[in-house]
Amino acid sequence: NAGVTQTPKFQVLKTGQSMTLQCAQDMNHNSMYWYRQDPGMGLRLIYYSASEGTTDKGEVPNGYNVSRLNKREFSLRLESAAPSQTSVYFCASSKDSSYNEQFFGPGTRLTVL
Amino acid sequence: DQQVKQNSPSLSVQEGRISILNCDYTNSMFDYFLWYKKYPAEGPTFLISISSIKDKNEDGRFTVFLNKSAKHLSLHIVPSQPGDSAVYFCAASGKGGTSYGKLTFGQGTILTVHP
């Protein structure tokens, strides 16, 4: 089992460019999450998907869109990247939204110039 | 509005001694608390958790204490080992309201255990 995988590991964008961060899990989990981690801020929830076919905003959704492609995959899209979106992005999954323990991927380090 | 706070950015401890990491929360709807450990260039990994119906939970060298009246929890690591050096995040979730199904994280505490 690979657990939660994320691609790419690193990315550098110019302001205004777009990109999609990919996430997949092989644990047959129903719920998936996207977080960003910034220095001194901990992890903040961007979007989550309680189950296949549903998505909801988290604490910091502005500038992002998500797609729950199927039960395994949950992607995060930046339509027009801004320097404020420079961060480390983590994807996570859990059995379902009532189950508190979440399993995290290794992260994507994104720099927007 | 930081609902989960870890007021100590860093902690330095000697190998073999006790490490105590603290966490405070403000949201009364939180009823489940978790600690995650994170090494550089890796994702956070689950360490230990506690439900609000308990005041203590142990797992080997790790013990979490919950004081609901003070809205405070702490993680004790005894004895501390150099491999425990990492960033520790406190997280909370609730069964109702806007916190349902979501984790709210603290800012993290960098623990360094010196040999």
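Scroll up to find the structure.
Residues numbered from 1 in each chain as written. Chains lettered and ligands numbered in written order. Predicted model: local features only at pLDDT ≥ 70, side-chain atom pairs only at ≥ 80, totals over all residues. Heavy atoms only, no water.

(A) Representation of the packing of aromatic side chains. Inspection of every chain in the model, using the stated rule, returns 12 aromatic pairs over all chains. Aromatic pair Tyr25(B) and Phe33(B): ring centres 4.6 Å apart, planes at 40 degrees, arrangement tilted. Accessibility assignment for this pair places Tyr25(B) and Phe33(B) in one class, buried. In textbook terms, an aromatic cluster arises when at least three aromatic residues are bridged by ring pairs, as seen for Tyr33(A), Tyr35(A), Tyr48(A), Phe104(A), Tyr36(B), Phe46(B), Phe89(B) and Phe105(B). (Phe/Tyr/Trp six-rings, centres within 6.5 Å; stacked < 30°, edge-to-face > 60°. Buried < 20%, exposed > 50% of the residue type's maximum accessible area, 1.4 Å probe, protein only.)

(B) Quick peek at the interface of chain B and chain A. Counting residues at the interface gives 19 residues for chain B, matched by 19 residues for chain A. Taking both partners together, chain B and chain A bury about 1,600 Å²; carbon and sulfur atoms supply 57% of that area. Remark: the boundary between chain B and chain A carries 0 salt bridges. For the pair chain B and chain A, the interface holds 1 residue pair in polar contact (both at pLDDT 80 or more). Elements with a contribution of two residues or more to the side of chain B that touches chain A: β4 (30-38) and β9 (86-94) of chain B. (Contact = heavy atoms within 4.5 Å. Buried area = accessible area lost by both parts, 1.4 Å probe. Salt bridge = Lys/Arg side-chain N within 4 Å of Asp/Glu carboxyl O. Polar contact = N/O pair within 3.5 Å; in protein donor to acceptor, adjacent residues only side chain to side chain. Helix = DSSP H or I, 4+ residues; strand = E, 2+ residues; numbered from the N terminus.)

(C) Broad picture of the state of the cysteines. All names here are of chain A. Applying the stated rule across the entire model yields 2 disulfides over all chains. Residue pairing for Cys-23: its cysteine sulfur links by disulfide to Cys-91, the two sulfurs lying 1.8 Å apart. Because the torsion about its S-S bond is -75 degrees, the bridge between Cys-23 and Cys-91 counts as left-handed. Here Cys-23 is found in strand β3 (residues 19-25), whereas its partner Cys-91 is found in strand β9 (residues 87-94), with 68 residues between them in sequence. Across this residue pair, the class does not change: Cys-23 and Cys-91 are buried. (Disulfide = S-S within 2.5 Å.)

(D) Focus on the sheet that holds strand β6 (residues 56-59) of chain B. All names here are of chain B. A sheet is described by the order of its strands in space; here 5 strands give the open sequence β1-β3-β8-β7-β6, paired in antiparallel fashion. Each end of this open sheet is capped by a strand with a single partner; those strands are β1 (4-5) and β6. Where strand β7 (residues 62-67) and strand β8 (residues 72-77) come together, 6 bridges link them in antiparallel fashion. Bridging from a neighbouring strand, Phe-62 pairs with Ile-77 of β8. (Pairing = 2+ DSSP bridges.)

(E) Representation of the nonpolar core. Counting 23 residues, the largest nonpolar core has Phe33(B), Trp35(B), Leu73(B), Leu75(B) and Tyr88(B) as the members making the most contacts within it. Sort the elements by how many residues they give to this core and β9(B) lands first, with 4 residues. Beyond its immediate chain neighbours, meaning those up to four positions away, Tyr88(B) contacts Gln6(B), Leu21(B), Trp35(B), Tyr36(B), Lys37(B), Leu47(B), Leu75(B), Ile77(B), Gly108(B), Thr109(B) and Leu111(B). The next biggest cluster of nonpolar side chains, apart from the first, holds 20 residues, and it includes Met19(A), Leu21(A), Trp34(A) and Leu78(A). (Core = buried A, V, L, I, M, F, W, Y, C linked by side-chain atoms within 4.5 Å.)

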